[in-house]
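Overview (structure and organization)
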Amino acid sequence: MAVLIGANSRTYKFALGSALLDAAAEGRSEILLRDLAVPYAMELVRHLGQAPQVSQKGELGEKDFLSVAEREAAESLRLGSPTEELLAAAIDSMPRMVMQKFHNLRGEGAEVPHRFYEVTGRSHERVVRLSKELRDIAGSEQAATLRGELSARWSIVETSFAIGIGQSLIREGVVVDLTTLQITDRQRRRSVAGVTDAVIGFQRGLCLICAESITPNDDIAVDHVFPYSFMRLLRSGDQDTPLDLDAVWNLAPTHARCNGQKSNRPPTREEMTRLAQRNEAIMQSPVPLKKTLELTLKHNKHSSTRPGEWHRFIQHVHDLL
Ligand SMILES: [Zn+2]
């Protein structure tokens, strides 16, 4: 949730999340800030080569960490580790910026219920204590899934920062390419992230059909919660536009075996509730997944701002059958 929820004007949270997971996966309970800063800075310079890491509003100051990262990126990548200037900038900015905000959720004062770390020590030799909660997560069987979610989220956010594609994502949301199971932007149909990685966190890593955990060893399928074969039965709104069942709102990761057994039946009440809860959770995340769901509600004459609307909308779809 720390990674999925909250407004992003930069991508520091993802680089920190990645560095923290690595450090904790080694079973360490503490790490020097300067050691944590190495993978943090390197992840950022690698991503800088692919897409902007800050939304396009305003100019960056010369001392801004991203300005330093841009200047030092080529040399750091050549060395395989951050240059001294980049490392110094990371050590200086991390505790003042991203490490203060990492636990924040959306809304005033909202935070995740756990601390994942604590920064102690003096300015030049700061130590980051990694909490038991962080070590538990990093060592759990869900760790691989979290990694996938983190990189999907990062990709969605940095793509939305890109000129051209970003504007289309923010205005029009995303579409799903069902052949590759990738989320793409509407205009160029360029792949942004995998459907499963992009949404599984919002259903808390659980299969939408059986509500048990999906582990990295499970075969995963992306289920049409309302089966695709229902498409021709459904007409919504006044214009007789068919309701799109191939869209994010109706697609959910499941165990492949659960999906296979489900076949073409309509969703159960429990599945409908889980889908509505998952979609309500996505509505708490920043654009563009949220935008995509808002547009689905709007196009079908439902309110995109009223809380709980997904429960009403899904019941409405069910009643159309
Ligand atoms: Zn299942």
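Heads up: the structure comes first, above all this text.
A short tour of the structure in this document, coming up.

1. A short note on the packing of helix α1 (residues 12–25) against helix α2 (residues 33–48)
In contact at an axis separation of 9 Å, α1 and α2 are set at 135° when each is read in the N-to-C sense. Taken together, the axis directions place α1 and α2 in an arrangement best described as oblique. As α1 packs across α2, the resulting crossing turns out to be right-handed. Of the residues in α2, those touching α1 at Y12, A15, L16, S18, A19, L20 and A23 are L36, P39, Y40, E43 and L44.

2. A closer look at the sheet that holds strand β6 (residues 191–194)
Taken together, three strands build an open sheet; the order of strands is β4-β5-β6 and the sheet is antiparallel. Here the strands that pair on one side only, and so sit at the sheet edges, are β4 (174–177) and β6. Neighbour-to-neighbour, the strand axes of this sheet turn through a mean angle of 35°, independent of strand direction. Sheet topology places β4 next to strand β5 (residues 182–185); four bridges connect them, and they run antiparallel. Within β5, the position partnered with V175 by the bridge is T184.

3. Overview of the nonpolar core
Membership of the largest hydrophobic core comes to 47 residues, with the highest contact counts inside it found for L16, L36, Y40, M94, M99, Y117 and L130. Of all elements in the fold, only α1, α2, α3 (65–79), α4 (84–96), α5 (98–101), β3 (127–130), α6 (132–139) and α7 (143–161) reach the threshold of two or more residues within this core. Here Y117 is in contact with L16, L20, V98, M99, F102, H103, V128, R129, L130 and S131, once residues within four sequence places are set aside. With 40 residues, the next largest nonpolar core counts A152, V176, V195 and M231 among its residues.

4. Focus: the coordination of the zinc ion
By definition of the ideal shapes, four donors in a tetrahedron about a metal sit 109.5 degrees apart, and six donors in an octahedron sit 90 or 180 degrees apart. Bound to the zinc ion are the protein donor atoms C207 (SG), C210 (SG), H255 (ND1) and C258 (SG), situated 2.1 to 2.4 Å from the metal. Viewed at the metal, the four donor atoms of the zinc ion are separated by angles of 99 to 119°, and the geometry they form is tetrahedral.

5. A closer look at the pairing of strand β7 (residues 220–224)
In terms of burial, β7 is largely enclosed, as four of its five residues are buried. As paired elements, β7 and strand β8 (residues 251–255) share five bridges and run antiparallel to each other. Bridge assignment links A221 to a residue of β8, and that residue is T254.

6. A look at the side chain of R153
Tracing the backbone shows R153 in helix α7. Despite its burial, R153 remains without a salt bridge, the nearest opposite charge being carried by E149 at 9.0 Å.

7. Re the pattern of salt bridges
Under the defined criterion, the tally for this structure stands at 18 salt bridges. The closest approach of N and O atoms between K262 and D223, which form a salt bridge, is 2.8 Å. On the criterion of sequence distance, the pair formed by K262 in helix α10 (residues 256–262) and D223 in strand β7 is long-range, its members being 39 residues apart. Residues E309 and R312 are paired through a salt bridge, measuring 2.8 Å at the closest nitrogen-oxygen approach. With a gap of three residues between them, E309 and R312 both fall in helix α13 (residues 309–320), about one helical turn apart. Using a relative accessible area of 2% as the deciding quantity, one classes E309 as buried. Each of R306, E309 and R312 takes part in one network of salt bridges that share partners.

Thresholds, definitions, all that
Residues numbered from 1 in each chain as written. Predicted model: local features only at pLDDT ≥ 70, side-chain atom pairs only at ≥ 80, totals over all residues. Heavy atoms only, no water. Axes fitted to C-alpha atoms, helices over the stretch in contact; angles between N-to-C directions. Helix = DSSP H or I, 4+ residues; strand = E, 2+ residues; numbered from the N terminus. Parallel < 35°, antiparallel > 145°, perpendicular 65-115°, else oblique. Left-handed = near helix turned anticlockwise from the far one by under 90°. Contact = heavy atoms within 4.5 Å. Pairing = 2+ DSSP bridges. Core = buried A, V, L, I, M, F, W, Y, C linked by side-chain atoms within 4.5 Å. Buried < 20%, exposed > 50% of the residue type's maximum accessible area, 1.4 Å probe, protein only. Donors = N, O, S within 2.8 Å, 3.2 Å for Na, K, Ca; no water. Tetrahedral: all angles 85-135°; square planar, octahedral: opposite > 155°, others 65-115°. Lys, Arg positive; Asp, Glu negative; His and termini not counted. Salt bridge = Lys/Arg side-chain N within 4 Å of Asp/Glu carboxyl O.

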